Protein chains: 4
Amino acid sequence: MAGNTYDSYRESVAGRANVADTPALAAYYQQLEQLDAGALWTVANKIEPWQPKSESVPVLWRYRDLREHVLRAVELVTPEQAGRRVVYLNNPGRREVSAAVGWLYSGLQVMNPGEAASAHSHSASALRFIMEGTGAYTIVDGHKVMLGKNDFVLTPNGTWHEHGVAAYGTPCIWQDGLDIPLVNAMEAGFYAVHPDLQQAITHPVDDLTAIWGAKGLHPQKGDWDKRYSPLFKYEWEPTYEALTQYARVSDGSPFDGVLMNYVNPVNGGPVMPTIGASMQLLRPGEKTRAHRHTGSFIYQVAKGSGCSIINGQRFEWTERDIFCVPSWAFHEHSNASSSDDACLFCFSDLPVMHSLGLYREEALAENGGHQVASG
Amino acid sequence: MAGNTYDSYRESVAGRANVADTPALAAYYQQLEQLDAGALWTVANKIEPWQPKSESVPVLWRYRDLREHVLRAVELVTPEQAGRRVVYLNNPGRREVSAAVGWLYSGLQVMNPGEAASAHSHSASALRFIMEGTGAYTIVDGHKVMLGKNDFVLTPNGTWHEHGVAAYGTPCIWQDGLDIPLVNAMEAGFYAVHPDLQQAITHPVDDLTAIWGAKGLHPQKGDWDKRYSPLFKYEWEPTYEALTQYARVSDGSPFDGVLMNYVNPVNGGPVMPTIGASMQLLRPGEKTRAHRHTGSFIYQVAKGSGCSIINGQRFEWTERDIFCVPSWAFHEHSNASSSDDACLFCFSDLPVMHSLGLYREEALAENGGHQVASG
Amino acid sequence: MAGNTYDSYRESVAGRANVADTPALAAYYQQLEQLDAGALWTVANKIEPWQPKSESVPVLWRYRDLREHVLRAVELVTPEQAGRRVVYLNNPGRREVSAAVGWLYSGLQVMNPGEAASAHSHSASALRFIMEGTGAYTIVDGHKVMLGKNDFVLTPNGTWHEHGVAAYGTPCIWQDGLDIPLVNAMEAGFYAVHPDLQQAITHPVDDLTAIWGAKGLHPQKGDWDKRYSPLFKYEWEPTYEALTQYARVSDGSPFDGVLMNYVNPVNGGPVMPTIGASMQLLRPGEKTRAHRHTGSFIYQVAKGSGCSIINGQRFEWTERDIFCVPSWAFHEHSNASSSDDACLFCFSDLPVMHSLGLYREEALAENGGHQVASG
Amino acid sequence: MAGNTYDSYRESVAGRANVADTPALAAYYQQLEQLDAGALWTVANKIEPWQPKSESVPVLWRYRDLREHVLRAVELVTPEQAGRRVVYLNNPGRREVSAAVGWLYSGLQVMNPGEAASAHSHSASALRFIMEGTGAYTIVDGHKVMLGKNDFVLTPNGTWHEHGVAAYGTPCIWQDGLDIPLVNAMEAGFYAVHPDLQQAITHPVDDLTAIWGAKGLHPQKGDWDKRYSPLFKYEWEPTYEALTQYARVSDGSPFDGVLMNYVNPVNGGPVMPTIGASMQLLRPGEKTRAHRHTGSFIYQVAKGSGCSIINGQRFEWTERDIFCVPSWAFHEHSNASSSDDACLFCFSDLPVMHSLGLYREEALAENGGHQVASG
């Protein structure tokens, strides 16, 4: 509360604070400050806005811009020095918390064949989405998971995990998605390095896909009491097949096209308590209508090209580009191709919005549901 | 309590009823009968047994015996006369309630190409498991489902449903499984014939498989508030593939081999509130150990041949045979082949046991966990 | 299926079985019987009725009739001989299973001051509702619960429990309610006598009331993973107060007056998985409208007098009388007093109806919602 | 990222980032900044701390200091100008977000007899705890709730609500508790003024207490599908009685004494999805052991006096004082009286910690579980 002005948030609306500064009030406010207190009416209109105004701005990160810098990290630092060689995405409105949007962190990590990171564990929940390369793997609590392009893998809150690339592979780049900023904001973050730096592989490779990845079937001994999905890996091929099948029998959503949510097969809920994920297919020529909702969203273009209009700003994207949609920002997507479909991978804090009872949604009413775009 | 004997259930065990008949007591008992009442101690030991004693007996129904009789039904009655041409399985201990075991009904139904049954709805929950033929279909609440050998389909409590065989198909035989006896016992059975005798197909064929049959993905608009699975059909091919995959990474159960439960993808629960279903794979030469548990079970041999010992009685089975395991009967299975696996489809009232808090399980401790078999 | 008649359930309604006996069919049916099988169309209309027809009949058990017989049991048998001195209520339609209605057992038990029954455990779930006397107590898994008139106590499935009357008390009579017939029908009943015949009291008397009986508060260490309520005792005084309060602010139900369900405070569900309980208050002069629903119900008059019409039959009741309403029987209640309220305690298998998806309800449409009564 | 230093978070621990600045790296970092990106290893150790370090500091707000300032607000501003006359509590570490601790807001509000605030609705969840005065009331979605000292009332997310003091009452002061900072941080805050500025009272006064405040009983028509408790008011008298009863039969917790959580009677969960509340009783002379856990906590002294040691700092408190415990701060409490009990009301974001899977707890191992205190 720098300076002597306390009434900068006044609104002359019934039911809102509208108190003009006076010397007597200023003296009162200063007394309150001495007591680690304040007068609500000086900040009420600030802290109770009529609707959300995100600190994040829409950003598109082009892969053609970032890729070379990601690869340069291999030359510049060793995994031992860096821990992880990652270029992280830094929203101009969220630099202080190193977030890509809202309370979500994201970065592009690179690893060469034969490299393996050290095993660690943290309170943040994480996923990685493979962008290029072969031979990538992740080990989560003793389960080794092999990963190909457009696959994604969970490394949930509290699990021991480590990433690597097989010696027979190629340099791999993937997108990391974590809720590090959220966990820090909640002041609940713990971090541990594995005592042996590497963990043992205690199960057959990709066993959880075999156990939990069946259509409509669960293992008899399906006791899983964790808060996150036991199906650590979600593969691209069956996902794309599922979207194609779903598109065959459904019109999808006017706002999202044909969208499916990745789920925890144990209970049909989100893959982790704090991060949800989805893949959506825009049919050839499809152009969705605009809506907005609470929650922060990071998209990666898994297939095709097109454009999105976010709060009136146009972003052209092509395969491997990443963009974000801040909370309560209008957004609409279109597929630029009239012959091929386009697919957008997305992760978000939607499970948090739902858990906390804070989800709200609104369609754009004007202009046939389409924004007038700039940019 | 006809006759003059009231003390036939006496037990000389502390804590159990042990009252000998006397003329005074007999007079008392008769007075109570006049008041629609009785003395608990005359029946306590009968109605509170030390452990369950099923009224059902283990039965094996050989398909080679039943098949010709099922086919003869086509000549003997029209679908219009019979409603459904079904030979039902009648456990010798459950003739009064037309049950195959416990409170479960089962029968073999036959239908010729081009035939279609009339649509109806009932409080009983039902499933059908295809045994032979091509072109079979079921319509459930406007969703048409095409069915092949070893597929099974749900027609849950309260849904409009009807069965048929396409004109291009062959005569089809399938096994019906219902909880008719249970619903009757609960005095909660309603039945309705569809006002038009046939219902309209209001969705794309097999749409629910496309919508709900994806690995680890749910449709965005996945609002399903019914108590039963939206995935009405469970197909054989992905099921067998799932068992094979699961067997690759798991030792399975000493009592059941490699067993997977069919689940409701919305919540991971059983396919219907009153009937659960599973498919289990016995590896070449596998011989399970004996256990017993509450609940009534009907098996159909989906693949291979072998034998089961049920309460000490041996039953040799081969593909398409059906057998039942009554509540609290020890049972163990073995695969007769040293080179091929064997698969057993099973449906049961296990969800009822769990809902009512009545599930209990016990391994056979003696003789290395194996029964001494007769029969 | 004795004799030669197989077509006694024919109905000439489209969609129903309507096959006349012929010599060829009779021969066929007999062949099927040899194979433990039958033709569905001979029984289909029997086992799939249009709506439930209960085997139970409505019965009113007058306390003035039963009380002397209950007290005589004290003279006729010792607790050691009888196990429990109980006169049980035997519905004329359910004699074979010793049920008062449907699958519910009920009886009146008597115990003298200083007597204590032996401790046992069973799969049946039980409750007792105190009708008269002072000093009654129950011990459940080491928790001793003191009981007064119109209190009721749970002794759930699998708990060690025993009843007694303190030496300083008076002869006590209470109503027992159990699901013994249901558990037997489910073939899931186990019974055990406590190895020491008596169990130790391991907690302060009435501790669970202190821990779980608070308004809107739970203990910090509220870990309770059982399927039944931890609040074993539900006392009359706060129950009557709650109904009075609720009546002050609510019109109640046209069919039930002011009715509250006893709940498991941990999750708001029924007190036990198989038995629910409620207390309802009929305001002075209140006369409810008739409806019917699935489920079997046993009422005890906790206060006042009035009458109920059940399936057209009138039953006049006064305090301590017991009556039953079978499944799908129309019923309506009226309070005979124009100045005092009347209260009906009720227990039922409603949780079973809900768990199994079998609950259905219907208001009487005709005659202003009132039955024309006889009897 | 001010200046040219990027390596200020280095740690020489295997598995942690440890990259020294070089000119080449600095150039690389600046290139990344141009792309709204950064190198993870420059911030990794900052954003992934070994354990939480709260931005909040422990604070004690003495009522004797604040009360006069609160009362002065009545003279300084009208309700119409101020919206609400509230002195809010401003943690020195959380001034930017106007939080008392973590993401929780709290303030002391005053209202004179006959005053009524305008009705509004917001996404924040709120509670108020009455500190002094008579005649206070709150209206929530048409339900009027009368409030006395130490009562607390919910005004959940999305409800229309307004506060007032009856003309016959006295000046009232209460503590407000809200999750405004959390909802703002989540960028999900909406605010609305009631179109009529006042809402109609559409139910009998205190009806929800009559309907949902019964011990172990729910209303028959207990359909409540909201995410928050229908029991809007929790009264002091039955709460204190409940604690006294619980203390009689339980040792309580070594860290919290005799603590009970306010719950949603519908499901036993917290009163609102984002704010939980509890009342704890410290027995005469009781001195708890220290522990720490994630989550932010605000205490008000409802009764008695004593002291708390929070992260090694001693705070002496007496009735009506307020203090906070930041996340992961060790804390222990002691009752200063050897004859009277002391009671602490507390509200917190514990439900958020649990929903997001972020709760963690640790007892102080050293020094017999007691901190060495300063302050």
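Owing to the predicted nature of the structure, the values given are computational and were not obtained by experimental measurement.

Novice: Sorry if this is basic, but what is going on with the overall build of chain A here?
Specialist: A count of helices and strands for chain A gives eight helices and 24 strands. A globule of 375 residues ought to have a C-alpha radius of gyration of about 21 Å, and chain A, at 23 Å, matches this closely. Considering chain A as a whole, with its 375 residues, one finds that 63% of them fall into the buried category. Within chain A, counting contacts between residues at least 6 apart in sequence, those at least 24 apart form 74% of the total.

Novice: Got a minute to help me understand the sheet that holds strand S1 (residues 37–39) of chain B in this structure?
Specialist: Paired through their backbone hydrogen bonds, the strands of a sheet run either parallel or antiparallel. Pairing is antiparallel across the open sheet formed by seven strands, whose spatial order is S1(B)-S3(C)-S4(C)-S11(C)-S6(C)-S9(C)-S14(C). Among the strands making up the open sheet, the edge pair consists of S1 of chain B together with strand S14 (233–234) of chain C.

Novice: Is there a simple way to explain the interface of chain A and chain D in this structure?
Specialist: When the parts of a complex come together, some accessible area is lost, and that lost area is often taken as the interface size. Each partner contributes to the interface: chain A provides 91 residues, whereas chain D provides 91 residues. Summing the contributions of chain A and of chain D, the shared interface buries around 7,900 Å²; its carbon and sulfur component is 60%. Among the residues chain A hides against chain D, the three largest losses belong to Met-186, Glu-187 and Phe-190 of chain A. Together they make up 10% of the total. At the surface where chain A touches chain D, the tally comes to four salt bridges. Across the salt bridge formed by Arg-84 of chain A and Glu-48 of chain D, the nearest N and O atoms sit 2.6 Å from each other. Our enumeration of links across chain A and chain D arrives at 39 residue pairs in polar contact (both at pLDDT 80 or more). Ranked by the residues each element gives to the side of chain A that touches chain D, the list is headed by helix H3 (residues 63–76) of chain A, at seven residues. Partitioned by chemical class, the residues of the side of chain A that touches chain D number 49 nonpolar, 25 polar and 17 charged.

Novice: Any chance you could explain the relation of the copies chain C and chain B here in plain terms?
Specialist: Mapping chain C onto chain B leaves a residual RMSD of 0.0 Å; the transformation is a rotation of 180° accompanied by 0.0 Å of translation along its axis. Taken together, the rotation and translation describe the operation of a two-fold axis. In terms of proximity to the rotation axis, the leading residue of chain C is Ser-355 of chain C, whose C-alpha is 3.2 Å off the axis. Both copies share a contact surface, since 100% of the interface residues of chain C are interface residues in chain B too.

Novice: In this structure, what is going on with the sheet that holds strand S16 (residues 276–282) of chain B? I would like to understand it.
Specialist: Taken in spatial order, the seven strands of this open sheet run S13(A)-S15(B)-S16(B)-S23(B)-S18(B)-S21(B)-S2(B), and their pairing is antiparallel. If you trace the sheet from one side to the other, it starts and ends with strand S13 (217–219) of chain A together with strand S2 (60–61) of chain B, each paired once. Here strand S18 (residues 297–303) of chain B runs beside strand S21 (residues 322–325) of chain B; their pairing, made up of four bridges, is antiparallel. The partner of Tyr-299 of chain B across the bridge, within S21 of chain B, is Phe-323 of chain B. Here helix H7 (residues 236–249) of chain B sits on the sheet in contact with S13 of chain A together with strand S15 (258–262), S16, S18 and strand S23 (342–348) of chain B, set at roughly 135° to S15 of chain B.

Novice: What exactly am I supposed to notice about the pairing of strand S11 (residues 172–178) of chain D here?
Specialist: Looking along a regular strand, one sees the side chains alternate between the two faces of the sheet. Residue and element names in this part refer to chain D. The buried count for S11 comes to seven of seven residues, which makes it a mostly enclosed element. The side-chain alternation of S11 yields two buried faces, one formed by Cys-172, Trp-174, Asp-176 and Leu-178 and the other by Ile-173, Gln-175 and Gly-177. Across seven bridges, strand S4 (residues 105–111) lies against S11 in antiparallel orientation. Within S11, the residue paired with Tyr-105 across the bridge is Leu-178. With six bridges joining them, strand S6 (residues 126–132) and S11 adopt antiparallel strand pairing. Along S11, the bridge assignment pairs Phe-129 with Gln-175.

Novice: Even after reading the chapter, I still don't get the UniProt feature "domain: Cupin type-2" (unreviewed entry) in chain A, so can you show me in this structure?
Specialist: Residue and element names in this part refer to chain A. UniProt's entry tags residues 108–174 and 280–346 with the feature "domain: Cupin type-2" (unreviewed entry), counted in the numbering of this structure. Helix makes up 0% of residues 108–174 and strand 54%. Its end C-alpha atoms lie 6 Å apart. Summarising residues 280–346: 0% helix, 58% strand, and an end-to-end C-alpha distance of 8 Å.

Novice: Would you mind going over unusual backbone geometry with me for this structure?
Specialist: Glycine aside, residues mostly have negative phi, and peptide bonds are mostly found in the trans state. Positive phi, normally seen in glycine, also occurs at Glu-187 of chain B, with a value near 55°. Assignment of secondary structure puts Glu-187 of chain B in the loop between helix H5 (180–185) and strand S12 (191–193). Here the phi dihedral of Asn-311 of chain C falls at roughly 45°; this positive angle occurs in a residue that is not glycine. A residue is classified by how much of its surface remains accessible, and Asn-311 of chain C, at 48% relative accessible area, is partly exposed.

Novice: Is there a simple way to explain helix H3 (residues 63–76) of chain B in this structure?
Specialist: For an α-helix the count is 3.6 residues per turn, leaving residues at separations of three or four pointing the same way. Residues and elements named next belong to chain B. Taking 1.5 Å per residue as the helical rise, H3 with its 14 residues ought to reach 20 Å, and the 20 Å between its terminal C-alpha atoms agrees with that figure. Along H3, the residues classified as buried are Tyr-63, Leu-66, His-69, Val-70 and Ala-73. Projected down its long axis, H3 shows its buried positions confined to an angular sector of 135°, all on one face. Facing away from the buried side of H3 by over 90 degrees, the exposed positions are Arg-64, Glu-68 and Glu-75.

Novice: What exactly am I supposed to notice about the pattern of salt bridges here?
Specialist: Close approach of charged atoms lets side chains of opposite charge pair. Counted by the stated rule, this structure contains 56 salt bridges over all chains. For Glu-319 of chain C, the salt bridge goes to Lys-149 of chain C, with nearest N and O atoms at 3.2 Å. Taken together, the residues span a long stretch of sequence, with Glu-319 of chain C in the loop between strand S20 (313–318) and strand S21 (322–325) and Lys-149 of chain C in the loop between strand S8 (143–147) and strand S9 (152–155) at a distance of 170 residues. According to the relative accessible area criterion, Lys-149 of chain C is partly exposed, its value standing at 43%. The partner of Glu-11 of chain D in a salt bridge is Arg-16 of chain D, and the shortest N-O contact between them spans 3.0 Å. Per residue, the accessibility class of Glu-11 of chain D equals that of Arg-16 of chain D, and both read buried. When salt bridges that share partners are traced, they join Lys-149, Glu-319 and Arg-320 of chain A into one network.

Novice: Looking at this model, I keep getting lost on the pairing of strand S9 (residues 152–155) of chain A. Mind explaining?
Specialist: All names here are of chain A. By the alternation rule, side chains of S9 split into Phe-152 and Leu-154 and Val-153 and Thr-155, which are all buried. Where strand S6 (residues 126–132) lies against S9, four bridges are found, and the strand directions are antiparallel. Pairing of Phe-129 across the sheet is with Phe-152, part of S9. Where S9 lies against strand S14 (residues 233–234), two bridges are found, and the strand directions are antiparallel. Counted as the bridge partner of Phe-152 is Tyr-234 from S14.

Novice: Sorry if this is basic, but what is going on with the relation of the copies chain A and chain D here?
Specialist: Note that the two copies of the chain are related through a rotation about an axis and a translation along the same axis. Rotating chain A by 180° and translating it 0.0 Å along the rotation axis places it on chain D, where the RMSD comes to 0.0 Å. The overlap is high: 100% of the interface residues of chain A also sit at the interface in chain D, so the same surface is used on both sides.

Novice: Help me out: how do you make sense of the interface of chain C and chain B in this one?
Specialist: Residue-level contacts link 91 residues of chain C with 91 residues of chain B. Between chain C and chain B the total buried area reaches about 7,900 Å² when both faces are included, carbon and sulfur atoms providing 60% of it. Considering only the side of chain C, the residues that lose the most area to chain B are Met-186, Glu-187 and Phe-190 of chain C, jointly responsible for 10% of the buried surface there. For the pair chain C and chain B, the number of links is four salt bridges.

Novice: Please explain the packing of aromatic side chains as it appears in this structure.
Specialist: Aromatic ring pairs: the centre-centre distance and the angle between the two ring planes describe each pair. Inspection of every chain in the model, using the stated rule, returns 82 aromatic pairs over all chains. An angle of 15° between the planes, with centres 5.2 Å apart, marks the rings of Phe-152 of chain A and Tyr-234 of chain A as stacked. On the criterion of sequence distance, the pair formed by Phe-152 of chain A in strand S9 and Tyr-234 of chain A in strand S14 is long-range, its members being 82 residues apart. Their ring planes at 70° and their centres at 6.4 Å tell us that Trp-224 of chain C and Phe-232 of chain C sit as a pair that is edge-to-face. The class of Phe-232 of chain C is buried, set by a relative accessible area of 2%. One aromatic cluster is present, built from ring pairs that chain together Phe-129, Phe-152, Tyr-234, Tyr-262, Phe-345 and Phe-347 of chain A. Over the aromatic face of Trp-103 of chain D sits the side chain of Arg-94 of chain D, whose NZ or CZ is 4.3 Å from the ring centroid.

Rules behind the numbers
Sequence order sets the numbering: in each chain, residues are counted from 1 along the sequence as written. Naming scheme: in the order in which they are written, chains are lettered from A and ligands are numbered from 1. Two thresholds apply to this predicted model, a pLDDT of at least 70 for residue-level local features and 80 or more for giving and counting side-chain atom pairs, whereas whole-chain, interface and lining totals are computed over all residues. Calculated side-chain values reflect all of the structure's heavy atoms, with hydrogen atoms and water omitted. Numbering of helices and strands starts at the N terminus; helices are DSSP runs of H or I of at least 4 residues and strands are runs of E of at least 2. It is over C-alpha atoms that the radius of gyration is taken, and the globule rule equals 2.2 Å times the number of residues to the power 0.38. Exposure categories follow from relative accessible area, calculated using a 1.4 Å probe and restricted to protein chains: below 20% of the type maximum is buried, above 50% is exposed, and the middle band is partly exposed. Contacts are residue-level and defined by heavy atoms, with any inter-residue pair within 4.5 Å sufficient. Strand pairing is assigned whenever DSSP identifies at least 2 bridges connecting the two strands. The term buried area means the drop in 1.4 Å probe accessible area that two parts suffer when joined, counted for both and summed. Definition used for salt bridges: Asp or Glu carboxyl oxygen within 4 Å of a side-chain nitrogen of Lys or Arg. Whenever a nitrogen or oxygen atom comes within 3.5 Å of another N or O atom, the pair is scored as a polar contact, on the condition that within protein one atom can donate a hydrogen and the other can accept it, and that pairs from neighbouring residues in sequence are kept only if both atoms are in side chains. Think of it as three bins: nonpolar holds Ala, Val, Leu, Ile, Met, Phe, Trp, Tyr, Cys and Pro, charged holds Asp, Glu, Lys and Arg, and polar takes everything else, Gly as well. In superposing the copies, a least-squares fit is computed on C-alpha atoms, taking residues whose pLDDT is at least 70 in both. Whenever a helix is involved, its axis is fitted only over the stretch in contact; in every case the axis is a line through C-alpha atoms, and angles between N-to-C directions fall within 0 to 180 degrees. UniProt positions are given in the numbering used here, feature names are shortened, and annotations may be inferred rather than shown by experiment. The span expected for a helix works out to 1.5 Å for each residue beyond the first. Throughout, the arc means the angular range of directions from the helix axis out to the C-beta atoms. Aromatic rings from Phe, Tyr and Trp, with only the six-membered ring used for Trp, were paired whenever their centres fell within 6.5 Å, and each pair was classed as stacked if the ring planes differed by under 30 degrees, edge-to-face if by over 60, and tilted otherwise. Either the NZ atom of lysine or the CZ atom of arginine qualifies as a charge over a ring when it sits within 6 Å of the ring centre and within 35 degrees of the ring normal.

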